[in-house]
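# Analysis of the macromolecular model
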Amino acid sequence: MQSLLTCLRSTASSCLPVISVASTTRSLAFQAGDCVQVCRKVTIEDVKAFAQLSGDTNPVHINKYFVSEKTNLEGCIVHGALLNAFVSSVIGTRLPGPGTLVLEQQLHFPAACLVGEEVQITVTLRSLRKIAKVDFVCSVDGEKTVLHGNAKLLVPKEFK
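Residues numbered from 1 in each chain as written. Predicted model: local features only at pLDDT ≥ 70, side-chain atom pairs only at ≥ 80, totals over all residues. Heavy atoms only, no water.

## Looking at the side chain of N84
In this structure, N84 sits in helix α4 (residues 80-93). Using a relative accessible area of 15% as the deciding quantity, one classes N84 as buried. A distance of 2.9 Å separates the side chain of N84 from the side chain of Q105, its partner in a polar contact. Dropping the residues within four chain positions of it, N84 is found in contact with Q105, L107 and L147. (Helix = DSSP H or I, 4+ residues; strand = E, 2+ residues; numbered from the N terminus. Buried < 20%, exposed > 50% of the residue type's maximum accessible area, 1.4 Å probe, protein only. Polar contact = N/O pair within 3.5 Å; in protein donor to acceptor, adjacent residues only side chain to side chain. Contact = heavy atoms within 4.5 Å.)

## Focus on the pattern of salt bridges
Per the counting criterion, the structure on display carries three salt bridges. Here E117 makes a salt bridge to K144, at a shortest N to O gap of 3.0 Å. Residue E117 is located in the loop between β2 (101-108) and β3 (118-127), and its partner K144 is located in strand β5 (residues 144-154); the two are separated by 27 residues in the primary sequence. The buried category is assigned to E117, whose relative accessible area is 18%. (Salt bridge = Lys/Arg side-chain N within 4 Å of Asp/Glu carboxyl O.)

## Considerations on helix α1 (residues 44-54)
All of the buried residues along α1 are V47, F50 and A51. Here the buried residues of α1 occupy an arc of 100° about the axis, which is enough to place them on one side. Facing away from the buried side of α1 by more than 90 degrees, the exposed set consists of E45, Q52 and L53. (Arc of directions from axis to C-beta.)

## A few points about the pairing of β5
Pairing analysis gives seven bridges linking β2 to β5, with the strands arranged antiparallel. Bridge pairing links Q106 to N150 in β5. Here nine bridges tie strand β4 (residues 132-140) to β5, and the two strands are oriented antiparallel to one another. Across the sheet, the residue bridging to C138 is L147, located in β5. The turn linking β4 back onto β5 is made up of three residues, and D141 within it adopts a positive phi angle of 60°. (Pairing = 2+ DSSP bridges.)

## Concerning the sheet that holds β5
Either a parallel or an antiparallel arrangement is found when strands of a sheet pair, and the pairing is made through backbone hydrogen bonds. Overall, antiparallel pairing links the five strands, which are arranged β1-β3-β4-β5-β2 in an open sheet. Each having just a single partner strand, β1 (35-41) and β2 make up the two edges of the open sheet. In this sheet, neighbouring strand axes are inclined to one another by 20° on average, regardless of whether the strands run parallel or antiparallel. Those strands touched by α4 are β1, β2, β3, β4 and β5, and its axis lies near 50° from that of β3. (Axes fitted to C-alpha atoms, helices over the stretch in contact; angles between N-to-C directions.)

The structure is reproduced here in structure tokens:
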């Protein structure tokens, strides 16, 4: 079972399929160094739905003509909070998994993620004590980091 949590590596041209360990997490023993990587292509529909839900209708996210006139980018910019939601999805469903609560996060956005890009989301468990710690990275093509950071988590007793 432990091999399910080994960090999956992918080539820049294609992501490995999402692995699902949520159904077996209750019987797994997590340890520092475990990680999960999932991939997600961000569509304009994703961004528009997030803009509608969040109320963040800044035109840099939904209007490619505005972006081309006001920036040097060639496409709409994915909301940073949407990228963080992808991280949260991995934390809450895969590593550590269901029942996990985020207590604190640090987020850094060194580059823009553009609509249409495929994002690799990697979450790595750094420690598992009373408060678990994870590091995370969202990257495009394995080269461009669009989000990185860390979090402190409260995990259910069965994970400790």
